[in-house]
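Summary of the model geometry
The residues making up each chain are set out below.
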Amino acid sequence: MPERPSKRIYFDHGATTRVIPEVVEAMAPYVSEKYGNASSIHSFGREARTAVDDSRARIAALIGAGPSEIVFTSSGTESDNLAIKGVALHESRGKGHLVTTEIEHSAVLEPCAYLKSRGFEVTRLPVSKEGFVDLGDVEAAIRDDTILVSVMMANSEIGTIQPVREIGKMAHSRGALFHTDAVQAAGKMTIDVDRDNIDLLSLSSHKFHGPKGVGALYVRKGTKVEPLLHGGGHEGKLRSSTENVPGIVGFGKAAEVAQRDMPETAERMRHLRDRIIKTVPETIPDAYLNGHPTNRLVNNAHHRFDFIEGEGLVLLLDMSGIAASTGSACSTGSLEPSPVLLALGLTHEQAHGSLRVTLGRENNEEEVGYLLEVLPGIVSKLREMSPFSKDRPKCGREGGCSVQ
Ligand SMILES: *Cc1c(COP(=O)(O)O)cnc(C)c1O
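Let me sum up the structure you'll find in this document. (Residues numbered from 1 in each chain as written. Predicted model: local features only at pLDDT ≥ 70, side-chain atom pairs only at ≥ 80, totals over all residues. Heavy atoms only, no water.)

A sheet is described by the order of its strands in space; here three strands give the open sequence β9-β10-β12, paired in antiparallel fashion. The two strands at the open ends of the sheet, each matched to only one other strand, are β9 (287-289) and β12 (354-358). Averaged over all pairs of adjacent strands, the angle between strand axes in this sheet comes to 25 degrees, irrespective of strand direction. Sheet analysis places strand β10 (residues 300-305) next to β12, joined by five bridges and oriented antiparallel. For Arg-304, the partnering residue across the bridge sits in β12 and is Ser-354. Running at roughly 15 degrees to β10, helix α7 (residues 245-283) makes contact with β9, β10 and β12 of the sheet. (Pairing = 2+ DSSP bridges. Helix = DSSP H or I, 4+ residues; strand = E, 2+ residues; numbered from the N terminus. Axes fitted to C-alpha atoms, helices over the stretch in contact; angles between N-to-C directions. Contact = heavy atoms within 4.5 Å.)

Structure representation (structure tokens):
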């Protein structure tokens, strides 16, 4: 086994990212001396208001929107909820149809399920083996009473990038609104809400090196959304509550840095990703890529390894100083296989044996080299212990080798 590096290696940027020093520095004054409430009219308040509006402009710039179309929220989850429940509650008094997919984040699927329990109808579109929704399916699913189509821009687990521009166009041609969860995509690919026919778009700061607990929803000018929080009428009456000024400042700085550095960081991550995607199946038997080889997020490499459990993989990698994930962090604690992987048509066993490596701007060749060096050994060690392994007798009821 190669020697464990002195510094831990982080390959779980789909779960969250490090707040980079530039962002910490921008936030610092707003955590201490610049503590005004952005609604106050005195100098403390005006200072906070200016900072919030500067951030708003930076976030708008990242997605080709106008500053007045950005609503700050507490998270990607809140943005998804505001978009979906907000449109449904406004558009139709308890009736209407929504279209989404089987592979959305739970922050989209759960509000849809909630609306269904309250009388709305929801169509969940299947995806192909590589994780794409079929445009013909989208077209067929949209009805006269469809109020909203919600399809994520890029998948959090397998990185698949959906044809949002065409989906948005189809939604509009039938009079429906189009929402996309761009939490994973933002900062890693160019987004233009006009070009891509988007009415509502969710963002989360902590997925691109900003602080946790702050997000935004883009709401196209003129789009009617019912607020979920009622109170002082902040954020154009869409999201009452005193603005999280330090969080918003950090979010804005992170957006600025992401946009400034995107050409370079995206290229570097793409190169590292492709090295992983090429090397893993070459060096490990029965290893397969999940998702599409190129039409995927620049930072996402996702493989499945027959005969093993992803949890074991993650734990042994952790013991080697590498943080990665299996399934999705959002369903941690659950031993159910990832619904996204099942939607690709994988069996439970195949879905269980998956590993997600999500790169970040700070990862380098050396770290990827170390991963590629230790992974084959870890996989074969797990296979030696696995009751599923083809090298071992099948595990029967009396075999006494129960799976933990
Ligand atoms: C992380 C994530 C969310 C949730 O964002 P939070 O800010 O953690 O609530 C929503 N959608 C996608 C695609 C995500 O990856």
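In this section: the site of the ligand. Surveying the vicinity of the ligand reveals 13 residues, the closest of which are Thr-77, Asp-181, Gln-184, Ser-204 and Lys-207. Side-chain polar atom of Asp-181 to a nitrogen atom of the ligand: 2.6 Å apart, as the coordinates give it. At 2.9 Å from an oxygen atom of the ligand is found a side-chain nitrogen or oxygen belonging to His-206. Out of a free accessible area of 380 Å², the ligand has 90% covered by protein chains. No other element matches helix α3 (residues 76-91), which puts three residues into the shell around the ligand. For the shell around the ligand, the class distribution of residues is two nonpolar, eight polar and three charged. (Near = heavy atom within 4 Å. Polar contact = N/O pair within 3.5 Å; in protein donor to acceptor, adjacent residues only side chain to side chain. Areas by Shrake-Rupley, 256 points an atom, 1.4 Å probe, with all protein chains shown as cover. Nonpolar A, V, L, I, M, F, W, Y, C, P; charged D, E, K, R; others polar.)

So, about the side chain of Lys-207. Locating Lys-207 in the fold gives a position in the loop between β7 (200-204) and β8 (215-219). There is no salt bridge for the buried Lys-207, and the closest opposite charge comes from Asp-181, which lies 7.4 Å off by N-O distance. Not counting the four nearest positions on each side in its chain, Lys-207 is found in contact with His-13, Gly-14, Ala-15, Thr-17, Val-183, Gln-184 and Lys-188. (Buried < 20%, exposed > 50% of the residue type's maximum accessible area, 1.4 Å probe, protein only. Lys, Arg positive; Asp, Glu negative; His and termini not counted. Salt bridge = Lys/Arg side-chain N within 4 Å of Asp/Glu carboxyl O.)

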